[in-house]
Amino acid sequence: MPLRLFNTMSAQVEEFRPLRGTEVRMYACGPTVYDYGHIGNFRTFVAVDLLRRFLRQSGYTIHHVMNITDVDDKIIRNSARDGVTVNQYTAKYEKAFLEDAAMIAIEQPTLVRATDHIPEMAEFVARLVEKGMAYRTEDGSYYFRIAKFPRYGKLSKKDFSSMLDGARVDVDEYEKDSARDFALWKAPKPGEASWDTPVGPGRPGWHLECSVMSMEQLGESFDLHAGGEDLIFPHHENEIAQSESLTGKPFAHFWFHARFLLVEDEKMSKSLGNFFTLRDLVLKGYKPSSIRYLLASVPYRHQLNFTFHGLQQAAVSVDRLRNFRLRLSAGNFADGCNEQIEKLARETIERMRSALEDDLNTAQAQAAIFEMVRQANTAFDSGAVKRGDVPALLDALAKFDEIFAVLQDDDLPKMKQVLEWARSEGGEKDISQELLDALQSAELSDAEVETKIREMKAARAARDFNKSDAIRAYLFERGILVEITKDGIRWRRK
Ligand code: AMP
Ligand code: ZN
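Residues numbered from 1 in each chain as written. Chains lettered and ligands numbered in written order. Predicted model: local features only at pLDDT ≥ 70, side-chain atom pairs only at ≥ 80, totals over all residues. Heavy atoms only, no water.

S.K.: Please give an account of the pairing of strand E17 (residues 488-493) that cites residues and values.
M.R.: Two elements, strand E16 (residues 480-485) and E17, share six bridges in a ladder whose sense is antiparallel. Bridge assignment links Ile480 to a residue of E17, and that residue is Arg493. The turn joining E16 and E17, which pair antiparallel and follow one another in sequence, is formed by two residues. (Pairing = 2+ DSSP bridges. Helix = DSSP H or I, 4+ residues; strand = E, 2+ residues; numbered from the N terminus.)

Next comes the structure, spelled out in structure tokens:
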């Protein structure tokens, strides 16, 4: 079965086929780096990461590009407030975003930054003016003329036939139901950052950034464009209008949108006090792997209601999977094979695949692996799992983890980094006792490490490499790096 995905453009689930053989060219709208990313943002980024990983598992090569919006209304306002340049202001949050994404095992796409593409954006504006699709206003800004693009509204399924020709809006985000000529290029207001270009001084509008950079990287027509559902209108509608009226070709073929996340049944907002960054959660003592697991657990088109109870359950789920793997790696098994177990592993792999092929049904894929773990654990207890079955079970776990990426137990070093960051930023008051306890209980003394290293040496001498690997993983998770060299085993703290 091929992958079937919901395409916002056709408003139905369709078979996904790339335009060129086995290469998938995809673009995801990235963060606006004016603050730390919140769990809503990461809900969408995790959804895109799951898609990317599943496409790769399905045999595609992926060209995945993501923009960093490093100039927009908010950034300009905040950098002026703080008396720093736009670049100085955004560098801090871009770095934080990349650290956070890595913390929850999001693979890094090719990154493109708006401020590195200003000349191309100015040129794009000039070409739209030449084609009669854009016009300049008195202050030196440029707007896209929606009336010239009759297909406007085809993505968001809005009917704009009665809109006013020439009504304009100059902010990047605006009311869901108003179709207005939108700013392609904004003339500088006093004191604002701007660039000198052939279309005059100013800066690009947000929508333009994504059109220019996606087509530069991926070509005029590419396979898939992704973002959160709030971007359908106006952002993606505007990207389509600009791009297609310039090239005369279809822009992106698939439109992939993740549903917005709620927190405890409410829209997340600072005023409600239910607004969380990833770092907030880690400072409360939660593990990055639990956060990733939870964000991945609800299929991307369903509403994910984030709760702390859900996060605790996610931690239990991840622990069960890790313990199961440890049991497989370190257990003693009788020789032989049990066909039933191999069949179980094979069927689990098939079930996970068909769940993900069904519009990325991550919940069902997770349910399939847990069913395997449940049955295999029962079989363990009765001695029905044989040495020959272990690779098949490990293979099913590995296939699961190629997508979900929670088995590697490196939470503690990551949590430690967040702790250090909070201390360096004067955020002591946000550090919870739970985080301190988690980190302290995991700290091994030198003597304890030496004992483990001796066990590891004994395991290697007995050629029990599974056991040796399990010990090494145990130490790694506690911040100890073990190196095996021809002169013996060495270790150091990370
Ligand atoms: P921004 O940094 O605001 O440009 O947003 C980055 C990404 O996060 C976009 O794809 C948004 O659609 C997405 N996003 C923002 N808030 C949420 C939310 N509550 N749930 C899911 N995705 C969100
Ligand atoms: Zn975008």
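S.K.: Quick one: what's the story with the side chain of Thr307, residue by residue and with numbers?
M.R.: One can find Thr307 in the loop between strand E15 (304-306) and helix H9 (308-330). The exposure class assigned to Thr307 is buried, which follows from its relative accessible area of 18%. Discounting chain neighbours no more than four positions away, the residues touching Thr307 are Glu264 and Leu294. (Buried < 20%, exposed > 50% of the residue type's maximum accessible area, 1.4 Å probe, protein only. Contact = heavy atoms within 4.5 Å.)

S.K.: Now, about the sheet that holds strand E11 (residues 222-228): what can you tell me, with residues and values included?
M.R.: The sheet built from five strands is open, its strands ordered E5-E4-E3-E11-E12 with parallel pairing. The open sheet terminates on both sides in strands that have one partner only, identified here as strand E5 (110-113) and strand E12 (252-258). Ignoring strand direction, the axes of neighbouring strands in this sheet form an average angle of 25°. Relative to E5, strand E4 (residues 61-68) runs parallel, the two being bridged by four bridges. The residue bridging Met66 from the neighbouring strand is Leu111, located in E5. Relative to E11, helix H6 (residues 232-247) is tilted by about 160°, and along the sheet it contacts E11 and E12. (Axes fitted to C-alpha atoms, helices over the stretch in contact; angles between N-to-C directions.)

S.K.: For the site of ligand 1, give the residues involved together with the corresponding values.
M.R.: Ligand 1 sits among 15 residues. The nearest are Gly40, Thr44, Gly228, Asp230 and Leu261. In the environment of ligand 1, an oxygen atom lies 3.1 Å from a nitrogen or oxygen atom belonging to the backbone of Thr32. Within the contact set of ligand 1, a nitrogen atom lies 2.7 Å away from a side-chain nitrogen or oxygen of Thr44. Isolated, ligand 1 exposes 490 Å² of accessible area, and the fraction of that covered by the protein chains is 89%. Here the element with the most residues in the shell around ligand 1 is helix H1 (residues 39-57); it accounts for four residues. Classifying every residue of the shell around ligand 1 gives five nonpolar, eight polar and two charged. (Near = heavy atom within 4 Å. Polar contact = N/O pair within 3.5 Å; in protein donor to acceptor, adjacent residues only side chain to side chain. Areas by Shrake-Rupley, 256 points an atom, 1.4 Å probe, with all protein chains shown as cover. Nonpolar A, V, L, I, M, F, W, Y, C, P; charged D, E, K, R; others polar.)

S.K.: I'd love a proper account of the coordination of the zinc ion (ligand 2), names of residues and values included.
M.R.: Around the zinc ion (ligand 2), the protein contributes the donor atoms Cys29 (SG), Cys210 (SG) and His235 (NE2), at 2.0 to 2.2 Å from the metal centre. On the primary sequence, the residues serving as donors to the zinc ion (ligand 2) are separated as C-x180-C-x24-H. Of this pair, Cys29 sits in the loop between strand E3 (23-28) and H1 while Cys210 is found in helix H5 (residues 206-218), placing the two residues 181 residues apart along the sequence. For Cys210, a relative accessible area of 0% translates into the label buried. (Donors = N, O, S within 2.8 Å, 3.2 Å for Na, K, Ca; no water.)

S.K.: Describe in detail the environment of Thr110, supporting the description with residues and values.
M.R.: When you line up the elements, Thr110 lands in strand E5. Through-space distance from the C-alpha of Thr110 to that of His64 is 6.1 Å; in sequence the pair is 46 residues apart. Setting aside its immediate chain neighbours within four residues, Thr110 contacts His63, His64, Val65, Met66 and Gln217.

S.K.: I'd like a rundown of the side chain of Gln242, residues and numbers included.
M.R.: Within the element layout of this structure, Gln242 appears in helix H6. Setting aside residues no more than four positions away along its own chain, Gln242 makes contact with Phe124, Leu128, Phe144, Phe182, Leu184, His207, Leu208 and Ser211.

S.K.: Hey, could you go over the packing of aromatic side chains for me, with residue numbers and the actual values?
M.R.: The geometry of an aromatic ring pair is captured by the separation of the ring centres together with the interplanar angle, meaning the angle of the planes. One pass over the full model with this rule turns up 21 aromatic pairs. On the basis of an interplanar angle of 20° and a centroid distance of 5.7 Å, the ring pair of Phe42 and Phe97 is categorised as stacked. Here Phe97 lies in helix H3 (residues 86-103) and Phe42 lies in helix H1, a separation of 55 residues in the sequence. In this structure, Phe42 and Phe97 share a single accessibility class: buried. The ring of Phe233 has Lys158 sitting right over it, with the charged end atom 5.3 Å from the ring centre. (Phe/Tyr/Trp six-rings, centres within 6.5 Å; stacked < 30°, edge-to-face > 60°. Lys NZ or Arg CZ within 6 Å of the ring centre and 35° of its normal.)

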